[in-house]
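One-letter residues, chain by chain:
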Amino acid sequence: MNTNTSVPGVTGAMKRLGTESAFTVMAKAQALAATGREIINLGIGEPDFKTPDHIVEAAIKALKGGHHGYTHPLGILALREAVVADIQKYRGVTVDPGRVLITPGGKPIMNFAITMFGEPGAEIVYPDPGFPIYGNLIAFSGAKPVPMVLREENGFAFSAKEVLSLITARTRLIILNSPANPTGGVTPKIEMDRLVEGLVSHPNVYILSDEIYSRMLYGKHEHVSALAYEAIRDRVILLDGWSKTYAMTGWRLGYSVWPESLITYAERLAINSHSCVNAAAQHAAIAALKGPQECVDTMVAAFDKRRILCTELLNGLPGVSCIEPGGAFYTFPNISATGISALELQDKILEEAGVATIAGTSFGAAGEGYLRISYANSIENITRAIDQMKAIL
Ligand code: PLP
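Q: Looking at this structure, I do not really get the overall build of the chain. What am I missing?
A: The secondary structure content of the chain amounts to 13 helices and 12 strands. Taking 21 Å as the expected radius of gyration for a compact globule of 393 residues, we find that the chain reaches 21 Å, a close match to that expectation. Taken along its principal axes, the extent of the C-alpha atoms in the chain is 55 × 55 × 50 Å. Within the chain, the fraction of its 393 residues that count as buried is 55%. When contacts within the chain are restricted to residue pairs at least 6 apart in sequence, those whose partners lie at least 24 apart make up 74%. Looking at the chain as shown, the accessible area adds up to about 16300 Å², and 54% of this sits on carbon and sulfur atoms. Between the mean site of the 34 positive side-chain charges and the mean site of the 38 negative ones, the chain shows a separation of 3 Å.

Q: Hey, could you run me through the nonpolar core in this one?
A: In a soluble, globular protein the nonpolar side chains are often hidden away together inside. With 110 residues, the main nonpolar core has Leu-173, Trp-242 and Trp-258 as its most contacted residues. Counting contributing residues per domain, this core is built from domain 1 (12–50 + 294–392) and domain 2 (68–290), each supplying no fewer than three. Each residue touching Leu-173, except ones within four places of it in the same chain, is listed here: Ala-113, Ile-114, Phe-117, Glu-123, Ile-124, Val-125, Val-205, Tyr-206, Ile-207, Leu-208 and Ile-237. In this structure, Ala-22, Leu-32, Leu-350 and Ile-358 belong to the second largest nonpolar core, which totals 9 residues.

Q: Looking at this model, I keep getting lost on the site of the ligand. Mind explaining?
A: Residues in contact with the ligand amount to 14 residues; listed here are only the nearest, Gly-106, Asp-210, Tyr-213, Ser-243 and Lys-244. Side-chain polar atom of Tyr-213 to an oxygen atom of the ligand: 2.8 Å apart, as the coordinates give it. Ser-243 has a polar side-chain atom sitting 2.6 Å from an oxygen atom of the ligand. Look at the ligand: alone it shows 400 Å² of surface, and the protein chains cover 94% of it. For the shell around the ligand, the class distribution of residues is 5 nonpolar, 5 polar and 4 charged.

Q: What exactly am I supposed to notice about the packing of helix α4 (residues 77–91) against helix α10 (residues 279–290) here?
A: For any two helices packed against each other, one specifies the crossing angle of their axes together with the interaxial distance. Where α4 meets α10, the axes come as close as 9 Å, and the angle between the chain directions of the two elements is 25°. Our classification of the angle between α4 and α10 gives roughly parallel. Viewed along their axes, α4 and α10 form a crossing whose handedness is left-handed. From α4, Ala-78, Leu-79, Ala-82, Val-83 and Asp-86 reach across to α10, where they touch Gln-282, Ala-285, Ile-286, Leu-289 and Lys-290. The residue makeup of the contact of α4 with α10, split by class, is 7 nonpolar, 1 polar and 2 charged.

Q: What should I look at first to understand the packing of aromatic side chains in this one?
A: When we look at a pair of aromatic rings, we describe it by the centre distance and by the angle of the planes. Following the criterion strictly, the structure yields 12 aromatic pairs and no others. Residues Phe-332 and Tyr-370 carry aromatic rings whose centres are separated by 5.0 Å and whose planes lie at 5° to one another, so their mutual orientation is stacked. Taken as a pair, Phe-332 in the loop between β9 (330–331) and α12 (342–353) and Tyr-370 in the loop between β11 (358–359) and β12 (371–374) lie far apart in primary sequence, 38 residues in all. Per residue, the accessibility class of Phe-332 equals that of Tyr-370, and both read buried.

Q: Whenever I open this one, the sheet that holds strand β5 (residues 171–177) confuses me. Can you help?
A: Strand pairing in a sheet relies on backbone hydrogen bonds, with the paired strands running either antiparallel or parallel. The 7 strands are arranged β2-β8-β7-β6-β5-β3-β4 in an open sheet whose pairing can be described as mixed. Each of the sheet's edge strands pairs with one partner strand only, and the pair in question is β2 (100–103) and β4 (144–149). Across the sheet, the mean angle separating the axes of adjacent strands is 20° when strand polarity is ignored. Judged from the 4 bridges that link them, strand β6 (residues 206–210) and strand β7 (residues 236–241) form a sheet pairing that is parallel. The residue bridging Ser-209 from the neighbouring strand is Leu-238, located in β7.

Q: I keep staring at the sheet that holds β12 and nothing clicks. Help me out?
A: Ordered in space as β9-β12-β11, the 3 strands form an open sheet in which the pairing is antiparallel. Edge positions in the sheet fall to β9 and β11, since each of these pairs with one other strand and no more. Judged from the 2 bridges that link them, β11 and β12 form a sheet pairing that is antiparallel. Its bridge partner being in β12, Ala-359 is matched across the sheet by Leu-371.

Q: Can you help me understand the pattern of salt bridges in this one?
A: Between side chains of opposite charge, a pair can form when the charged atoms approach closely. Per the counting criterion, the structure on display carries 14 salt bridges. Where Asp-240 meets Arg-91, a salt bridge forms, and the shortest distance between an N and an O atom there is 2.8 Å. One end of the pair, Asp-240, is in strand β7; the other, Arg-91, is in helix α4, and 149 residues separate them in sequence. Comparing Asp-240 with Arg-91, the two get one shared label, buried. As a salt-bridge pair, Arg-307 and Glu-324 come within 3.5 Å of each other at their nearest N and O atoms. On the criterion of sequence distance, the pair formed by Arg-307 in helix α11 (residues 294–315) and Glu-324 in the loop between α11 and β9 is long-range, its members being 17 residues apart. Note on Arg-307: relative accessible area 4%, which makes it buried. Taking relative accessible area as the criterion, Glu-324 reaches 49% and is therefore assigned partly exposed. Taken together, the shared-partner salt bridges connect Arg-91, Glu-211 and Asp-240 into one network.

Here is what the cut-offs are and how they apply
- Residues numbered from 1 in each chain as written.
- Predicted model: local features only at pLDDT ≥ 70, side-chain atom pairs only at ≥ 80, totals over all residues.
- Heavy atoms only, no water.
- Helix = DSSP H or I, 4+ residues; strand = E, 2+ residues; numbered from the N terminus.
- Rg over C-alpha atoms; globule rule 2.2 N^0.38 Å.
- Buried < 20%, exposed > 50% of the residue type's maximum accessible area, 1.4 Å probe, protein only.
- Contact = heavy atoms within 4.5 Å.
- Areas by Shrake-Rupley, 256 points an atom, 1.4 Å probe, with all protein chains shown as cover.
- Lys, Arg positive; Asp, Glu negative; His and termini not counted.
- Charge placed at Lys NZ, Arg CZ, Asp CG, Glu CD.
- Core = buried A, V, L, I, M, F, W, Y, C linked by side-chain atoms within 4.5 Å.
- Domains from an automatic or database assignment.
- Near = heavy atom within 4 Å.
- Polar contact = N/O pair within 3.5 Å; in protein donor to acceptor, adjacent residues only side chain to side chain.
- Nonpolar A, V, L, I, M, F, W, Y, C, P; charged D, E, K, R; others polar.
- Axes fitted to C-alpha atoms, helices over the stretch in contact; angles between N-to-C directions.
- Parallel < 35°, antiparallel > 145°, perpendicular 65-115°, else oblique.
- Left-handed = near helix turned anticlockwise from the far one by under 90°.
- Phe/Tyr/Trp six-rings, centres within 6.5 Å; stacked < 30°, edge-to-face > 60°.
- Pairing = 2+ DSSP bridges.
- Salt bridge = Lys/Arg side-chain N within 4 Å of Asp/Glu carboxyl O.

Nothing here speaks to function; it is geometry throughout.
Listed below in structure tokens is the structure:
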């Protein structure tokens, strides 16, 4: 966890800043691949699809058309209007484009929200297991990270009762993520209803709702947006973006909706960090939202097939059991019956089976006993990888 401990003058905050292990595993896998080993990557957190052509073409057109300068720090108005239309379509809520902030990926939104609310003495509630950046940034801000444990028996959805019991007079922000990384868990509407009902008695607590996997849902699961609740709408920060939905992780494009009271702060943080998002990428983002959506449907249908296969194959491994994930593109098999810790198993599987996976503990202490397996890979690779895992288990 600690970094730069030996560099004199580096702040305590810097020393508290953790990292995202997915990148470390990726580097290890690449180093093994460089020695001639074939490594199947089930550790990756990005779609294995290409950005659809019409989106790429829009960026090329923008570059050739001279869109080379700074844009409005909140983002091009036409893009923010396209985001508003998309939110209306998928969440049934009308927001003002003046409250929309386009960011270089979804991550800066976490950074801005946690910077706004985190300081020594404050508490921020975040999902465990959950996206590691939340806990890292909370610790960096000096606030106390308060884990909300997500349990397998609840399908890795939060329990509203448990979340509400974590709120104290010092709680400033609660971070929600559904569909979730790393578990693929989807919080059902009934649980969200209960949480919102309880939050009414805590009017000073803000909510950061990370809905980056909002379009990746399977079976009967439906997306429940925190923004859809009028009772808390004036304190919800919505995080979504293009990375997962349109296979655009490398473009660095995210969007956020901020309460009226916070948008000026968010804009100021944007001006002080990145000024604005790459102009051509913003034009590509307009094409993504306004263009045909079949590309998303096709990708999600492919993920759905792999999800079912991956879960079935994992359940055939000795010492492994895996519940069916409802969203995103991850499975989170329980490996506790193997008797091996998550980190040891991650390394063993990488070194002996040539398969990259991520230890559940990379996502928080409650991830012990689990591995994150991404099915953003071909059916052939998933099948071969799990076969190779079987051989060593
Ligand atoms: N939120 C969650 C839950 C994620 O899993 C990720 C990426 O893996 C992000 C946000 C960040 O996405 P981006 O690449 O747009 O910064």
